[in-house]
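# Architecture at a glance
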Amino acid sequence: MNKKILLIDKDPAVIDVITLILESEGYEMYVAKKPFDKNEVNEVMPDLILMHNGINNEGSSICKELKLDPELRSIPLILTSTNPNIAEISKQNGADNFLIKPFDINELCKLIISTMNKSQ
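Everything quoted here is computed from the prediction, not taken from an experiment.

Glancing now at unusual backbone geometry. Following Lys101, the chain continues into Pro102 via a peptide bond in cis, with omega recorded as -5°. With respect to the secondary-structure elements, Pro102 resides in the loop between β5 (97-100) and α5 (105-119). The phi dihedral of Met45 falls on the positive side, at around 45°, and the residue is not glycine. Tracing the backbone through its elements, the reader meets Met45 in the loop between α2 (39-44) and β3 (48-52). Given the relative accessible area of 37%, Met45 is considered partly exposed.

Okay, here's the thing in structure tokens:
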């Protein structure tokens, strides 16, 4: 069974490219609806969440909310951002990992694998 990734991003071009590439890597991709609703995570129960920090300027607070939820906190979450302080933002809000945009697709794929492996 393929691993499920829930992608939460605001840029349609980024969503299309990441979805295409990760599906070609064998992942089952789900794209969150806008505006984001935490119930989507409950419905999909992904193996990993890949979320842009800039979602409605509240990606970090969404991350914190997910990580405080007893049913969802074990789902690994990677925050992406162009913000140079994303490492600190990720740490403060409980993200399992982070990636600075723009990023190399190979780097993304390696980070997804290592983040999923760390959470098992």
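A word on the confidence of the model for the chain. Do not read the fine detail of predicted coordinates wherever pLDDT is low. For the chain, the mean per-residue pLDDT works out to 92, and 97% of the residues sit at or above 70. Element-level pLDDT for the chain is lowest in helix α3 (residues 59-68), with a mean of 92, against a maximum mean of 97 in strand β2 (residues 28-31).

Counting buried residues along strand β1 (residues 4-8), five of its five residues qualify, which places the element largely inside the surrounding structure. In β1, alternate side chains face the same way, and those of Lys4, Leu6 and Ile8 on one face and Ile5 and Leu7 on the other are all buried. Of the pairings in the sheet, the one linking β1 to β2 comprises four bridges and is parallel in character. In the sheet register, Leu7 faces β2, and the bridge partner there is Val31. Where the polypeptide runs from β1 across helix α1 (residues 12-24) and back to β2, its parallel neighbour, the crossover connection is right-handed. As judged from the four bridges shared by β1 and β3, these two strands associate in the parallel manner. The residue bridging Ile8 from the neighbouring strand is Met51, located in β3.

Calculation notes
- Residues numbered from 1 in each chain as written.
- Predicted model: local features only at pLDDT ≥ 70, side-chain atom pairs only at ≥ 80, totals over all residues.
- Heavy atoms only, no water.
- Helix = DSSP H or I, 4+ residues; strand = E, 2+ residues; numbered from the N terminus.
- Buried < 20%, exposed > 50% of the residue type's maximum accessible area, 1.4 Å probe, protein only.
- pLDDT = per-residue confidence, 0-100.
- Pairing = 2+ DSSP bridges.
- Right-handed = clockwise from strand over helix to strand, strands pointing away.

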